[in-house]
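# Coordinates in review
As a plain string of letters, each chain reads:
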Amino acid sequence: MEGEHIRRHHKHEPKDNQCTSVLVKHIKAPVDLVWSLVRSFDQPQKYKPFVSRCIVQQGDLKIGSLRQVNVKSGLPATMSTERLELLDDEEHILGIRIIGGDHRLKNYSSIITVHPEITEGRPGTVVIESFVVDVPNGNTNDETCYFVKALINCNLKSLAEVSERMAIQIRGGPTVRV
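Residues numbered from 1 in each chain as written. Predicted model: local features only at pLDDT ≥ 70, side-chain atom pairs only at ≥ 80, totals over all residues. Heavy atoms only, no water.

Turning our attention to the sheet that holds strand S7 (residues 122–134). Strand order in the open sheet formed by seven strands is S1-S7-S6-S5-S4-S3-S2, and the pairing between neighbours is antiparallel. Edge strands, defined here as strands with exactly one partner in the open sheet, are strand S1 (18–27) and strand S2 (51–56). Across the sheet, the axes of successive neighbouring strands diverge by a mean angle of 25°, strand direction being ignored. Packing of helix H3 (residues 141–171) onto the sheet brings it into contact with S1 and S7, and relative to S1 it is tilted by some 20°. (Pairing = 2+ DSSP bridges. Helix = DSSP H or I, 4+ residues; strand = E, 2+ residues; numbered from the N terminus. Axes fitted to C-alpha atoms, helices over the stretch in contact; angles between N-to-C directions. Contact = heavy atoms within 4.5 Å.)

This is the structure:
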């Protein structure tokens with residue numbers, strides 16, 4: 001089923017100087033809960049650990065909306081300007097393009113899709129994120145993909161932790177202390 005979702009929604013056509021990849025994360029939380037976090041274009045810091053602040057620059061959240069994301073120290077950047085390219089609440093699809101910033105992620109574009117599944121007899125979610133980005137001068141395709149995949153994996157791990165903690169709280173189970 002993951003393969004079908006990837007073929008249907010994660011179509012990138014990289015140029016010679018670009019790299020692309022697809023990452024998958026299974027989360028033990030209902031799809032609506034996970035989607036509520038992913039679709040928060042105006043509040044990515046809810047689950048993205050490297051984001052310290054986000055300011056949406058154009059009123060209502062819609063295709064073309066811009067956000068300025070401040071990045072926590074420790075990364076080779078301090079800010080990024082990003083545009084909402086796709087937001088489909090029925091199909092659970094979010095597309096983002098980086099259009100500026102003091103980093104080396106030029107022509108970066110990503111698609112995140114969120115799909116229901118049953119995990120251990122409970123509602124669960126499969127999150128698929130794909131990207132395409134220019135390979136900066138002085139770096140190889142492998143180095144660039146490795147760096148971006150590491151960032152996305154951190155975000156997906158955090159998304160799982162936040163979602164699963166929220167799901168436990170909603171079910172009325174024991175709270176998890178981190």
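That covers the picture; the talk isn't over yet.
Glancing now at empty space enclosed by the protein. On inspection of all chains with the given rule, the structure shows one cavity of 30 Å³ or more. Taken as a whole, the largest cavity spans an internal volume of roughly 40 Å³. Looking at the largest cavity, the residues that line it are Val38, Ser40, Phe41, Pro44, Tyr47, Lys48, Arg67, Leu94 and Ile96. (1 Å grid on protein atoms, 1.4 Å probe; cavity = no way out; pocket = protein on both sides within 12 Å on 5 of 7 lines; lining within 4 Å. Points joined across faces, edges and corners; volume = space filled by probe spheres on them.)

To continue, consider the side chain of Arg67. Along the chain, Arg67 turns up in strand S3 (residues 66–71). At 2.7 Å, the side chain of Arg67 forms a polar contact with the backbone oxygen of Phe41. Discounting residues that sit within four places of it in the chain, Arg67 has contacts with Ser40, Phe41, Pro44, Lys48, Cys54, Ile55, Val56, Ser80, Thr81, Glu82 and Ile96. (Polar contact = N/O pair within 3.5 Å; in protein donor to acceptor, adjacent residues only side chain to side chain.)

Before going further, it helps to spend a moment on helix H2 (residues 31–38). Counting buried residues along H2, six of its eight residues qualify, which places the element largely inside the surrounding structure. Along H2, the positions that sit buried rather than exposed are Val31, Leu33, Val34, Trp35, Leu37 and Val38. Its buried side turned inward, H2 meets S1, strand S4 (79–88), strand S5 (93–101), strand S6 (109–119), S7 and H3. (Buried < 20%, exposed > 50% of the residue type's maximum accessible area, 1.4 Å probe, protein only.)

Honestly, it's all geometry; don't read function into it.
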